[in-house]
Amino acid sequence: LILMGTLFIGWNTVVEGQEITQGDKQLPMAGESFQFNGHDAFLIIPEKKINPMPWVWYAPTLKNLPGREEVWMFERFLEEGIAIAGIDVGESYGSPKGTETYGDFYQYLTADRGLSQEPVLLARSRGGLMLYNWAVINPAKVKAIAGIYPVCNLISYPGLERAKSAYGLTSEEMREKLPLINPIDRLSNLADHRVPILHLHGDQDSIVPLEANSAIVQQ
């Protein structure tokens, strides 16, 4: 895996308008680190090859994520022939700009790297905002959603005042557009496509309260 990653990131390539260059993101286990259109990204491929290859899309892929806490879980995926991938879109909070980059990344992985057309989305914490807002406009491309105390409600976290810069909106515009940008208000497409959802969420979570996030999704 280390050799594969070294060979891959040693080349600067352009794939259907997407720029792939060498990356230096530190991963908690062996895998490919690269830059996708200027964004840190990673791909961890299992030894067992299944065609097309099932994969888990992890978010948020930020500076120190995924971390060592994910290694045990990632190892279980790899043992079953499941790849893991992610891309750093910054603190996008599910904004249109972030979801557009997600769409380009999805196209690259499925069209050029042999990954399945239907990933399982693994949303940890604020990664929920990113993955859910991509999922609700692409429900047919989602095999399932798994959440680990995922944020599903912009009001709950980070709050509209903090999120507005990522969306390029004023506070008033955020409130007006909330039904169009807040994951908990956009779930109907996932329901129509019967996308399976599993959340693991503690009832004493003070940062991502259960009642304002996973409980609303359940309802």
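What you are looking at is a predicted structure, and each value in this text was computed from that prediction instead of being measured.

Asks: How would you sum up the overall build of the chain? Please name residues and give values.
Replies: Looking only at helices and strands, the chain has eight helices and nine strands in total. Relative to the compact-globule value of 17 Å for 219 residues, the chain shows a C-alpha radius of gyration of 17 Å, a close match. Taken along its principal axes, the extent of the C-alpha atoms in the chain is 50 × 35 × 30 Å. Across the 219 residues in the chain, those meeting the buried criterion constitute 52%. Sequence separation of at least 24 residues holds for 68% of the intrachain contacts in the chain that already meet a minimum separation of 6. Split by element, the accessible area of the chain, about 10900 Å² in all, is 52% carbon and sulfur. Counting 18 positive and 26 negative side-chain charges, the chain places the averaged centre of each group 1 Å from the other.

Asks: Any details on the pattern of salt bridges? Residues and values, ideally.
Replies: Overall, the coordinates contain six salt bridges when judged by the stated rule. The residue Glu 75 makes a salt bridge to Arg 76 at a minimum N-O spacing of 3.9 Å. Its relative accessible area of 27% is what places Arg 76 among the partly exposed residues. The network of salt bridges with shared partners includes Glu 75, Arg 76 and Glu 79.

Asks: Let's hear about the nonpolar core: which residues, and what values?
Replies: Of all hydrophobic cores here, the largest spans 36 residues; its most connected members are Trp 57, Tyr 102 and Phe 105. Once residues within four sequence positions are removed from consideration, Trp 57 is found in contact with Ala 85, Gly 86, Tyr 102, Phe 105, Tyr 106, Pro 119, Val 120, Leu 121, Leu 122, Leu 131 and Trp 134.

What counts as what
- Residues numbered from 1 in each chain as written.
- Predicted model: local features only at pLDDT ≥ 70, side-chain atom pairs only at ≥ 80, totals over all residues.
- Heavy atoms only, no water.
- Helix = DSSP H or I, 4+ residues; strand = E, 2+ residues; numbered from the N terminus.
- Rg over C-alpha atoms; globule rule 2.2 N^0.38 Å.
- Buried < 20%, exposed > 50% of the residue type's maximum accessible area, 1.4 Å probe, protein only.
- Contact = heavy atoms within 4.5 Å.
- Areas by Shrake-Rupley, 256 points an atom, 1.4 Å probe, with all protein chains shown as cover.
- Lys, Arg positive; Asp, Glu negative; His and termini not counted.
- Charge placed at Lys NZ, Arg CZ, Asp CG, Glu CD.
- Salt bridge = Lys/Arg side-chain N within 4 Å of Asp/Glu carboxyl O.
- Core = buried A, V, L, I, M, F, W, Y, C linked by side-chain atoms within 4.5 Å.

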